[in-house]
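Remarks on the overall topology
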Amino acid sequence: MNGYAMQAIVRKDIKVVFQNKGVSIPLIAAPLVILVALPAMAFFLGPTLGGMAATDSGSAIVRMAAGLPGLAGYDGAQMMVVYLLVYMMAALYLLLPTIVAVGFAADSFAGEKERKTLEALLYTPTTDWELLLGKLLSAWLPALGVAWGGFLLYTVMANLAAWPVMGRLFFPTTMWVILAVWVAPAVAGLGVGAMVLISSRARTYQEAYQLGGMVAVLIVGLLVLQVSGVMIFSPWLVALLGLLFWAIDAALLWFGRRGFRRSKLATQM
Amino acid sequence: MNSDLAFVTDGLTRHFGEVVAVDHLTLEVQAGEVFGFLGHNGAGKTTTVRLLNGVLAPTSGTAQVLGLAPMEQGPALRRRTGVLTETPSLDERLTGRENLEIYAMLYGVPRREIAARVKELMEVFQLEDRADEKAGDYSKGMKQRLALARALIHRPELLFLDEPTSGLDPVAARLVHDMITHLSHEEERTVFLCTHNLDEAQKLCDRVAVLEHGKLVALGTPAELAAKVGRSQRLELEVARDDEETVLRLLAEAPGVSAHRENGTIVAAGAEWAAIPGLVTSLASAGVRIYRVAPQEASLEDTYFALQHEKEEMS
């Protein structure tokens, strides 16, 4: 395995994406909105929701928050803050690696085809597998970086936002640690695997990116299930979800490797 | 495979659906020669380069390049070949230097040698002043030179150049020509030059092959091809001014010959080499005062068009 060449592909792809403001700005803006702006909202909404919990114990949101596991001993305001910052944000957090993975991966093949840079890459002494793996890594590693960096940033933001209500450090919870360490890399892999399959067939970055949006729909589905109370994230459920995503990743990688031929790409140039 | 051969193909064929891009190409290219691959756009030149580098699988036929089978031993082969693609295929969002550094890594140039090699190529191709600017800001000629530098970054034994001077100004084209001559004569590399620039092929190539609709229609040195066509395409005549009209009339009567005035001489085109003495005798017999007769050797361009003309007549 030619790790040196794969390192070159990763370096090239990451540099190229960051030079394109149309791609890099949304990739930076999305984490900031999700990880900074939303906790800040919780800071302002927490006391209001706490007051709501005290006066309107029959409302759906209050009933849902009260039914969450591990919230015994919290008062109304604390319960609402934990509900918002721990449970509501969990599925939203998974959107981050998805967005980054899809953005980078869409650029990896379709973007290269669009910029007419793919041909020179096909003439390099990489094997088809090294080329594919290099491309996968160049989208997966930034997604992983954003997921883990985002997790650290969110840990700070969530504790800061909740401090007036909680009065102590309460984050990360076990469920969030599993989410960040086990599930987020798998979700990134899902986005990358699906996108490489899509973008090796799509002709433009936009076409690939739009098709890749389907992966984000899956995560939004999780968010809807979570918000509607149909599926509440617990450490066990999150661990199982991670296992499911890793299994899908393995299947995508298997299909990707089977179908990936530079000669097939060459016919599309 | 003979070690003096850079590559050999036997019946190499590639179809794209109904279209035959390369049609039973059988060819031998000697190590160290500059081999011209001539043909108009869509003749199958680029497809041939892809087949020879294991980037595209042939529909049928075989190839051995530097002793290796392109499809089965592609990575090992591509480590020893360099390709200048028809479009420069540069990452325009990266600087010139970054483009070379990344491809040096991709071609396995040791990390400690990369900086020196990039610097050397930047100097050779006169890009050192703009090395840290984005390639997208380069002129067309600079991009082409950068792409050529990239093709040479790993010092390949066999270099495929696909239309290397297409769209370049004469100064930039001259630099590329000088570089090709240097690579061939000084460094003994084999150069496979795909071009539709016939002057370029005549100037640089030891041998040329003419490809049409994927088929090899002629192969040899430029002189051999001219001889094969068997025709002196240009015959310059200097005669007494009073006799010029007579000469033009008599030449026009000769089969396949057309004549016109050009810079004070009469130029006849299309005369068979063997027919020249007869033509001159007939002019002299008609009382034409002849001061000079100069048959011009057919240029590759003349040969190329003559081959096409022959093919049209045959069909």
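The sections below set out a description of the structure shown in this document. (Residues numbered from 1 in each chain as written. Chains lettered and ligands numbered in written order. Predicted model: local features only at pLDDT ≥ 70, side-chain atom pairs only at ≥ 80, totals over all residues.)

With respect to the overall build of chain A
Counting secondary structure elements, chain A contains 10 helices and 0 strands. Along chain A, helices (α) and strands (β) appear in the sequence α-α-α-α-α-α-α-α-α-α when read from the amino end. Within chain A, the proportion of its 269 residues that are buried is 48%. Residue pairs at least 24 apart in sequence account for 87% of intrachain contacts in chain A once pairs closer than 6 positions are excluded. (Helix = DSSP H or I, 4+ residues; strand = E, 2+ residues; numbered from the N terminus. Buried ≥ 20, exposed ≤ 12 C-beta atoms within 10 Å, placed from the backbone. Contact = placed C-beta atoms within 7 Å.)

As for the overall build of chain B
The helix and strand inventory of chain B stands at 11 helices and 13 strands. Summarising its shape, the C-alpha atoms of chain B cover approximately 80 × 45 × 35 Å along the three principal directions. Here chain B holds 315 residues, and the buried ones make up 44% of them. Looking at chain B alone, contacts between residues at least 24 apart form 70% of all its contacts between residues at least 6 apart.

Points about the interface of chain A and chain B
Each partner contributes residues to the interface: chain A has 25 residues there, and chain B has 24 residues. Elements that contribute at least two residues to the side of chain A that touches chain B include exactly helix H1 (3-19), helix H5 (118-122) and helix H10 (262-267) of chain A. Grouping the amino acids of the side of chain A that touches chain B by side-chain chemistry returns 9 nonpolar, 9 polar and 7 charged. (Nonpolar A, V, L, I, M, F, W, Y, C, P; charged D, E, K, R; others polar.)

Some details on the packing of helix H5 (residues 140-152) of chain B against helix H6 (residues 170-185) of chain B
Residues and elements named next belong to chain B. Put simply, H5 and H6 touch, their axes get as near as 10 Å, and they point 15 degrees apart. Considering their axes alone, H5 and H6 lie roughly parallel with respect to each other. Pair H5 / H6 crosses with left-handed handedness. Note on element contacts: H6 touches H5 through Ala-172, Leu-175, Val-176 and Met-179, opposite Gly-141, Gln-144, Arg-145 and Leu-148. Within the contact of H5 with H6, the residues separate by chemical class into 5 nonpolar, 2 polar and 1 charged. (Axes fitted to C-alpha atoms, helices over the stretch in contact; angles between N-to-C directions. Parallel < 35°, antiparallel > 145°, perpendicular 65-115°, else oblique. Left-handed = near helix turned anticlockwise from the far one by under 90°.)

Concerning the nonpolar core
The biggest cluster of nonpolar side chains holds 160 residues, and the ones touching the most others in it are Leu85(A), Ala101(A), Met195(A) and Leu193(B). Take this core: its biggest share by element is 26 residues, from helix H4 (residues 76-115) of chain A. Apart from the residues lying within four places of it in its own chain, the contact partners of Met195(A) are Ala101(A), Val102(A), Ala105(A), Ala106(A), Ala139(A), Ala208(A) and Gly212(A). Counting 9 residues, the second-largest nonpolar core is a separate cluster that includes Leu235(B), Leu237(B), Ala268(B) and Leu283(B). (Core = buried A, V, L, I, M, F, W, Y, C linked by C-beta atoms within 7 Å.)

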